[in-house]
Amino acid sequence: MSVFSADEIMTIAASRELAGARSCFVGIGLPSVAANLARSLHAPGLVLVYESGTIGAKPTRLPLSIGDGELARTADVVISVPEIFNYWLQPGRIDVGMLGAAQIDRFANLNTTVIGSYDRPKVRLPGAGGAPEIASACPRAIIVMRQSKKTFVDKLDFRTTVGFGDGAGARSRLGMPGAGPRVLISDLGIFRPDPKTFEMTLTALHPGATVTDIRDATGWDLAVSGDLVETLAPSDEELEHLRRLHTNSMAKATD
Amino acid sequence: MAEFLTLKSAVATYVHDGDVVALEGFTHLIPFAAGHEIIRQRRRDLTLVRLTPDLICDQLIGAGCARKLVFSWGGNPGVGSLHRFRDAVEHDWPHALELDEHTHAGLANRFVAGASGLPFAVLRAYAGTDVAAHNSSIASVTCPFSGEVLAAVAALNPDVTIIHAQQADRAGNVRLWGITGVQKESVLAATRSIVTVEEIVDDFRDDRNAVVLPSWIVTAIAHVPGGCYPSYAADYSERDNDYYEAWDDLSRDRQVFEDWLEHQMYDQGRAL
């Protein structure tokens with residue numbers, strides 16, 4: 001078995017979740033790496049959709065931003081921003097939304113707006129972008145983010161994006177058509193919503209991680225599944241594809 | 001009909017202190033040269049509108065041109081933070097910045113309503129988030145047919161919208177293609193518009209389904225090749241990613257930024 005980093009298994013585990021999906025609305029950063037890896041390996045026909053209006057992008061390197069020219073050049077169709085949100089995302093045409101965040105809580109609500117108070121933040125973050133509507137409208141969402149007590153928090157400083165709100169029934173009360181975040185993948189493990197409480201519950205440990213490690217990196221009293229499993233270690237093929245994506249990107253970026 | 005002006009004259013004539021100024025272009029075709037001209041002409045108390053403020057709003061905010069920012073995602077794309085924006089919000093430097101903050105879908109639909117001559121737009125958004133709680137241009141509305149409660153966002157009608165496009169013809173019709181963002185809606189929503197272009201051509205020959213803004217809807221056109229640098233114009237230029245990375249360092253420190261402002265902006269030099 002090859003040696004791999006925590007970021008690598010996180011990205012690979014996230015890409016596996018896209019097997020069988022037809023289309024994915026992709027956020028930039030970790031989600032974009034995972035979605036591009038999925039297209040090269042687990043979901044070859046996957047339609048990548050970026051909020052810049054590029055549908056069916058087939059980038060040969062990792063895009064540097066959601067408006068990278070490579071996405072437009074390789075897309076099946078390029079449309080305006082009102083159109084991508086109103087005609088494509090809002091009616092639930094895109095199967096899966098893949099998102100990252102600065103903070104997450106036990107019900108998979110996300111903060112990408114501020115650390116501290118809104119009026120006088122300690123750290124002003126970029127804000128909402130497309131995330132709230134992606135999490136609301138897509139039939140299901142995947143969240144991928146690095147885990148620590150600073151990112152997995154008991155209480156968000158700001159609720160930018162609703163996952164499961166305050167728990168069972170919240171999404172339907174709020175009129176959200178999609179099923180919400182069905183899986184959360186960190187650099188330590190995999191979490192899925194409890195079918196009754198909708199609290200994100202630890203269901204898999206990445207190789208080498210322990211429940212204690214994960215509790216120590218979680219800001220709430222973490223629920224652990226009775227059927228806890230170990231995440232399948234990355235195969236050589238998965239690692240090779242992921243590393244090739246990164247290498248291509250670095251080579252092209254310095255052209 | 002659109003009038004052909006120099007960029008300096010277009011900004012001097014059509015951008016005034018206190019105006020609501022939209023500068024659009026979604027990562028692609030960002031009107032940097034026009035933003036720099038606004039900095040050089042030292043406009044003040046502007047309400048800047050951009051889905052993604054990007055470096056251009058960071059520069060305008062740091063230069064003290066903006067009183068308020070209407071936006072939906074304020075980062076340095078692919079790099080990290082916008083430090084001048086953060087310094088304004090976190091420390092009121094160079095002065096306080098009022099925020100009118102949306103999601104992309106929300107702000108895009110404010111332009112759609114503005115372009116449509118309607119007072120608001122309807123979308124399924126914002127429910128259960130803190131975004132609506134901090135913003136008076138977001139409300140809810142009940143569908144008269146189904147009873148569903150939906151989000152309403154107030155129309156946005158800028159005093160002036162500024163965009164960059166690939167081409168204008170000699171009659172002043174404008175074409176842009178590739179990632180077209182909210183440029184059409186933001187121009188149609190505005191009282192006045194300024195378009196900088198890469199090239200002026202005799203006529204539009206090919207038949208690609210590019211966005212066309214007819215001459216009679218555009219106020220002024222300025223021929224500014226490279227006017228979206230360091231962003232890019234599809235089929236004309238590539239994004240200068242090194243500039244975006246260099247801005248991360250340059251903008252972090254107030255003194256370094258002020259030196260940049262003095263030498264690269266006010267001394268009329270080329271940025272970076």
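Residues numbered from 1 in each chain as written. Chains lettered and ligands numbered in written order. Predicted model: local features only at pLDDT ≥ 70, side-chain atom pairs only at ≥ 80, totals over all residues.

1. Focus on the overall build of chain B
Link 1 in the chain: Regarding its fold elements, chain B presents eight helices and 15 strands.
Link 2 in the chain: The buried share of chain B, taken over its 272 residues, is 55%.
Link 3 in the chain: Contacts in chain B between residues at least 24 apart in sequence constitute 74% of all its contacts with a sequence separation of at least 6. (Helix = DSSP H or I, 4+ residues; strand = E, 2+ residues; numbered from the N terminus. Buried ≥ 20, exposed ≤ 12 C-beta atoms within 10 Å, placed from the backbone. Contact = placed C-beta atoms within 7 Å.)

2. A short note on the sheet that holds strand β10 (residues 149-154) of chain B
Residue and element names in this part refer to chain B.
Link 1 in the chain: Read from one edge to the other, the open sheet built from three strands follows the order β8-β10-β9, with strand pairing classed as antiparallel. Both outer strands of the open sheet, β8 (120-123) and β9 (138-142), are each paired with one neighbouring strand and no more. Shown here is a sheet whose adjacent strand axes are inclined to one another by a mean of 40°, direction ignored.
Link 2 in the chain: As paired elements, β8 and β10 share four bridges and run antiparallel to each other. Looking at the pairing, F120 lines up with A154 of β10. (Pairing = 2+ DSSP bridges. Axes fitted to C-alpha atoms, helices over the stretch in contact; angles between N-to-C directions.)

3. Topic: the nonpolar core
Link 1 in the chain: Counting 166 residues, the largest nonpolar core has C24, V49, I143 and V144 of chain A together with L60 of chain B as the members making the most contacts within it.
Link 2 in the chain: The leading source of residues in this core is helix α5 (residues 104-116) of chain B, at seven residues.
Link 3 in the chain: Not counting residues up to four positions away in its chain, the partners in contact with L60 of chain B are G35, I38, I39, L48, C65 and A66 of chain B. (Core = buried A, V, L, I, M, F, W, Y, C linked by C-beta atoms within 7 Å.)

4. Overview of the packing of helix α3 (residues 54-62) of chain B against helix α4 (residues 83-91) of chain B
Helix-helix packing: each pair is described by the crossing angle between the helix axes and the interaxial distance.
Residue and element names in this part refer to chain B.
Link 1 in the chain: α4 packs onto α3 with a crossing angle of 45° between their chain directions and a minimal axis gap of 7 Å. For the element pair α3 / α4, the angle class is oblique. The element α3 and its partner α4 pack so that their crossing is left-handed. Along its contact with α3, which presents C57, D58, Q59, I61 and G62, the element α4 presents R84, F85 and A88. (Parallel < 35°, antiparallel > 145°, perpendicular 65-115°, else oblique. Left-handed = near helix turned anticlockwise from the far one by under 90°.)

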